[in-house]
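Architecture and fold: a report
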Amino acid sequence: MWLSFFIACLFVICALYLPGTIVTASFTNNLLHAICFAPAVGICLYSVIELAYCAFGIPCSAVSVGTATAAICLACFLASKTIKHRLRKHHAIKGVGNTPNDKRDYALFLLYIAVGIAAVGLFYIKQLDGPESFFQGWDNVHHLPAIQTYAQSGVWNPLFSSSYAPSEVTPYVSSTYAFYPSAWHILCASVMSALGVSAPLSINCVNAVLIGIIFPSSMYSALRVISNNDRLVVIFGSLLASGIPACPWDYVIYGPLYPNLLSMVLVPIVMAEFITALKSISDRNDMQATSYGMLTILSAAAVALAHPNGIFTLIVFLAPYLTYWLFQELGGRKVRNSARAAAIIGLWIAIIGFWIVCYHHPAFSEIVNTTWASISSTAQSIVDALLLSVVNHPAQIAVFFLLIPGVLYLLTHQTCRWIIATYIACSSMYILDAGTDSQIKNWLTGFWYTDYHRTGAMLGLIAIVVASFGAAGLIRAFIRLTAMNQHDSESSPLKRELAPGILYLILGIGIYIGSFTLKGIDGIQTPFGYQAQEFAYQNNYELIYYDILTVEEQEFAKRALSLIPDDATIINNPNDGSLFLYPLYGTRLYYRNCFAPDISSESTSSQNIRLHLSSVATSNEVQVAIRDVGALYVLQLDAGERQDEFRINYQIYEPSDWAGINNIDDDTPGFTVIYKEKDMCLYRIDIDE
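Residues numbered from 1 in each chain as written. Predicted model: local features only at pLDDT ≥ 70, side-chain atom pairs only at ≥ 80, totals over all residues. Heavy atoms only, no water.

Notes on the overall build of the chain
Check the secondary structure of the chain and you find 25 helices and six strands. Taking 689 residues into account, the globule formula puts the C-alpha radius of gyration at 26 Å, and the chain, at 28 Å, falls close to it. Viewed in the frame of its principal axes, the chain has a C-alpha envelope of about 95 × 70 × 50 Å. For the chain, the proportion of its 689 residues judged to be buried stands at 56%. At a minimum sequence separation of 6, the contacts of the chain that also span at least 24 residues come to 74%. Accessible surface, the chain: about 28,700 Å² in total, of which carbon and sulfur atoms supply 64%. Averaging the coordinates of the 36 positive side-chain charges in the chain and doing the same for the 49 negative ones gives two points 21 Å apart. (Helix = DSSP H or I, 4+ residues; strand = E, 2+ residues; numbered from the N terminus. Rg over C-alpha atoms; globule rule 2.2 N^0.38 Å. Buried < 20%, exposed > 50% of the residue type's maximum accessible area, 1.4 Å probe, protein only. Contact = heavy atoms within 4.5 Å. Areas by Shrake-Rupley, 256 points an atom, 1.4 Å probe, with all protein chains shown as cover. Lys, Arg positive; Asp, Glu negative; His and termini not counted. Charge placed at Lys NZ, Arg CZ, Asp CG, Glu CD.)

Structure, rendered in structure tokens:
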């Protein structure tokens, strides 16, 4: 099974990097840029192909989408070779994006990947209770069935998702497909399609690659561009890129917020492309600016298809840089100060206007009006923001001691001061969410559901940048102090060489050390100790507290389902854990969501089944409903009372919503027991055809 997991990881790496690199290389001669930007461009490419297939009614699969992708990549490769050959004759290829890489650049890139793989191996893969383990909480009620539906139906529309294939009978009056950008779900479905693995395994391998490889490489590209390839900043960024649990690790232990995870790991790519495009404009390299501008648009589309709030994250991160760049660019073009000020005001009017329009748009109305209550006082939220102890995460002391010199270092470098504005903005957004209950947090953080986990992740991302500059600043301060010591002139060069390595080692231990116990003192929980423990708990099959569907119930379901046709429709109460049987085994369940259908959108057949199925022997309406949906079986996993089982349910569960199913027992007329163990039973519905 683990072999399948690692093969699936390799497939995800190839799927995200190979096509994207070929297409991106059509825009730039910088191979490292092409590699780092590849995942975002690749996801955009896949999404365009999938939308085209859906428009023409062509079924999607790993083979069909892969074939079209290969054809487009070949066309891009041949076209770029021809165009670049002609441009070389006119000496037209030059500029920021084509700065040649040396061996040290590739070595640093590999360092990011090595640290990321080590971190994801220790704190993610090692904590899994097998490659198919999964968390049964909250958002996975949607994620798992949606992935299964994509894989089974062949309808890979990245803009809409459902737990039912178009051809299936559902409990609803109209189509169950709803607007929900689903690039992450389709990526998981493509793994299932290509390798025949389960939905949980595809989730685990996709997320491992996103956290351990894609995010570090994205941060490498961003830090390299932001710092103008400052070696010290980039070196220490390799430790910090994977070293802050708030981003992106928190997405897998809360929610889980997997689509937001994909969106966030792509955000640094867009940052790097956007900043490079603007620098190309400053260098008067129109061709390069156009190329990187196009890459920015493609990658931003991928961010939006992963999760729309990624676009607003980019606005928060890049608006300060755009403001700084525009002011400097106009100054370089000898524009009067009054006109420069007017341009900046115009820019911010446009940004605020876009924000307001989106805030009031119907597509975002439900999101921005969601309000999460505060979890701490304002003062405590400020402390948590400073120490990166967002939500339940322990304080990151080692990183905090880099943030202070990082801010001071950035203040002394004009070209980087915009980063401080972004850092303050992200800190303020987290403080508003976690420490206040005012309406203003809906206005400013509504696109993130006023969710302190999501705004905490934004703070974690910009903290990586600030702390990387802080580490570089500390080393440079040490070197200056050493150079001033005239009595140690012979050893100064040695100290300058050793200092970065020593600090790197100390920081590595301080950041990644697991929880430990000191004798005489209670156990000390570290940031990654907490992260690993929480993730392990959620994936532990034997830790019943987290399980709606227990191991015992899974084993019973396998045996019971083997006794009936594979395509049989089964009536179920999804809150007994049966809702997960669809993504685990492809079981054709009638109810696939823990929520009871809303009466306004529910079919009459579903209402009769859900509330009155136990009366099937005497009710003509229920018999008609059963014939309409084509169901012949009922599955119960938590029937009656059972003292030796610890049962948990989702907070929204109301037993009365499922009375027609819950009231069935062995003596109920119209039902025959097919297979039973303890409180678990599979019934056949006995009605005349």
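Still more ground to cover, so stick around.
Describing helix α5 (residues 140-153)
Under the 1.5 Å per step criterion, the end-to-end length of α5 is 19 Å for 14 residues, consistent within 8% with the ideal 20 Å. Counting buried positions along α5 yields ten of 14 residues, so the element is predominantly enclosed. Listed as buried for α5 are Asn140, Val141, His143, Leu144, Pro145, Ala146, Ile147, Gln148, Thr149 and Tyr150. For α5, the secondary structure elements touched by its buried residues are β1 (160-161), α6 (183-195), α7 (199-226), α9 (258-282) and α22 (581-585). One or two residues past the end of α5 sits Gly154, with phi positive at roughly 75 degrees. (Expected span 1.5 Å × (residues − 1).)

Observations concerning the environment of Val209
Examined against the element boundaries, Val209 turns out to sit in helix α7. Distance from Val209 to Gln127, taken between C-alpha atoms, is 15 Å for residues 82 residues apart in sequence. In contact with Val209, not counting residues within four places along its chain, are Cys9, Val12, Ile13 and Ile214.

Regarding α6
Side chains of residues three or four places apart in an α-helix project in the same direction, reflecting 3.6 residues per turn. Counted at 1.5 Å a residue, the expected span for α6 with its 13 residues is 18 Å, and the 19 Å between its end C-alpha atoms agrees. Along α6, ten of the 13 residues are buried, which leaves the element largely enclosed by surrounding structure. Immediately downstream of α6, the backbone of Gly196 shows phi near 70 degrees, a positive value.

A closer look at a nonpolar patch on the surface
Side chains of Leu505, Ile509, Ile513, Phe516, Leu518, Ile521 and Ile524 sit close together on the surface and give an oily, nonpolar patch of about 590 Å² of accessible area. Mapping Ile524 onto the fold places it in the loop between α19 (492-512) and α20 (527-539). Of the residues examined, Ile524 reaches a relative accessible area of 31% and is grouped as partly exposed. (Patch = residues over 30% accessible without salt bridge, like charges linked within 9 Å, V, L, I, M, F, W, Y side chains within 5 Å. Salt bridge = Lys/Arg side-chain N within 4 Å of Asp/Glu carboxyl O.)

Points about the packing of aromatic side chains
The full count for this structure, using the stated rule, is 38 aromatic pairs. Here the aromatic rings of Phe123 and Phe528 are separated by 4.6 Å at their centres, their planes lie at 35 degrees, and the arrangement is tilted. Of this pair, Phe123 sits in helix α4 (residues 103-125) while Phe528 is found in helix α20, placing the two residues 405 residues apart along the sequence. We note that Phe123, like Phe528, is buried. Aromatic side chains Phe671 and Tyr683 sit 6.3 Å apart centroid to centroid with 75 degrees between the ring planes, which places their arrangement in the edge-to-face category. Of this pair, Phe671 sits in strand β5 (residues 671-677) while Tyr683 sits in strand β6 (residues 680-685); the two residues are twelve residues apart in sequence, bridging distant segments of the chain. What makes Phe671 buried here is its relative accessible area of 7%. The class of Tyr683 is buried, set by a relative accessible area of 2%. (Phe/Tyr/Trp six-rings, centres within 6.5 Å; stacked < 30°, edge-to-face > 60°.)

What about the pattern of salt bridges?
Taken as a whole, this structure holds 17 salt bridges when the rule is applied. Here Asp437 ties to Lys441 by a salt bridge, and the two come within 3.8 Å at their closest N and O atoms. We classify Asp437 as exposed; its relative accessible area is 54%. Shared partners join several salt bridges into a network, and the residues in it are Asp102, Arg104, Asp105, Arg224 and Arg231.

Some remarks on the sheet that holds β6
Taken together, the four strands give an open sheet; going across it, the order is β3-β4-β6-β5, and neighbouring strands pair in mixed fashion. Unpaired on one side and paired on the other, β3 (569-572) and β5 mark the two borders of the sheet. Strand-to-strand twist of the sheet, defined as the mean angle between neighbouring strand axes without regard to direction, takes the value 25 degrees. Of the strand pairs in this sheet, strand β4 (residues 631-636) and β6 are connected by four bridges, and their pairing is antiparallel. Opposite Gln636, over in β6, you have Cys681 as the bridge partner. (Pairing = 2+ DSSP bridges. Axes fitted to C-alpha atoms, helices over the stretch in contact; angles between N-to-C directions.)

Here we look at the pairing of β4
The buried fraction of β4 amounts to five of the six residues, a majority that puts the element mostly inside the structure. As judged from the four bridges shared by β3 and β4, these two strands associate in the parallel manner. Residue pairing across strands places Ile571 opposite Val634, the latter belonging to β4.

Brief notes about empty space enclosed by the protein
Under the definition given, this model contains six cavities of 30 Å³ or more. For the lining of the largest cavity, the elements supplying multiple residues, two or more each, are α7 and α20. Counting residues per element, the lining of the largest cavity draws most heavily on α7, which supplies three residues. Grouping the amino acids of the lining of the largest cavity by side-chain chemistry returns seven nonpolar, four polar and no charged. (1 Å grid on protein atoms, 1.4 Å probe; cavity = no way out; pocket = protein on both sides within 12 Å on 5 of 7 lines; lining within 4 Å. Points joined across faces, edges and corners; volume = space filled by probe spheres on them. Nonpolar A, V, L, I, M, F, W, Y, C, P; charged D, E, K, R; others polar.)

Details of the packing of helix α11 (residues 309-332) against helix α16 (residues 418-435)
Put simply, α11 and α16 touch, their axes get as near as 8 Å, and they point 150 degrees apart. Relative to α16, the element α11 lies roughly antiparallel. The handedness of the crossing between α11 and α16 is right-handed. Between α11, through Val316, Phe317, Pro320, Tyr321 and Tyr324, and α16, the contact on the second element is made entirely by Trp418, Ala421, Thr422, Ala425, Cys426 and Met429. Of the residues belonging to the contact of α11 with α16, the class tally is ten nonpolar, one polar and no charged. (Parallel < 35°, antiparallel > 145°, perpendicular 65-115°, else oblique. Left-handed = near helix turned anticlockwise from the far one by under 90°.)

Structural notes on the nonpolar core
Among the nonpolar cores identified, the biggest contains 196 residues, and Tyr124 and Ile419 are the most heavily contacted of them. Among the elements that make up this core, the one with the highest residue count is α7 (18 residues). Apart from the residues within four sequence positions on either side, Ile419 is in contact with Ile226, Leu410, Ile462, Val465, Val466 and Phe469. Counting residues in hydrophobic clusters, the runner-up holds 21 residues, among them Tyr590, Tyr591, Val622 and Ala625. (Core = buried A, V, L, I, M, F, W, Y, C linked by side-chain atoms within 4.5 Å.)

Some thoughts on the confidence of the model for the chain
Mean pLDDT over the chain: 92, with 94% of residues reaching 70 or higher. Confidence over residues 93-97 falls short of pLDDT 50; this stretch has 19 contacts with residues more than four positions distant or in other chains. (pLDDT = per-residue confidence, 0-100.)

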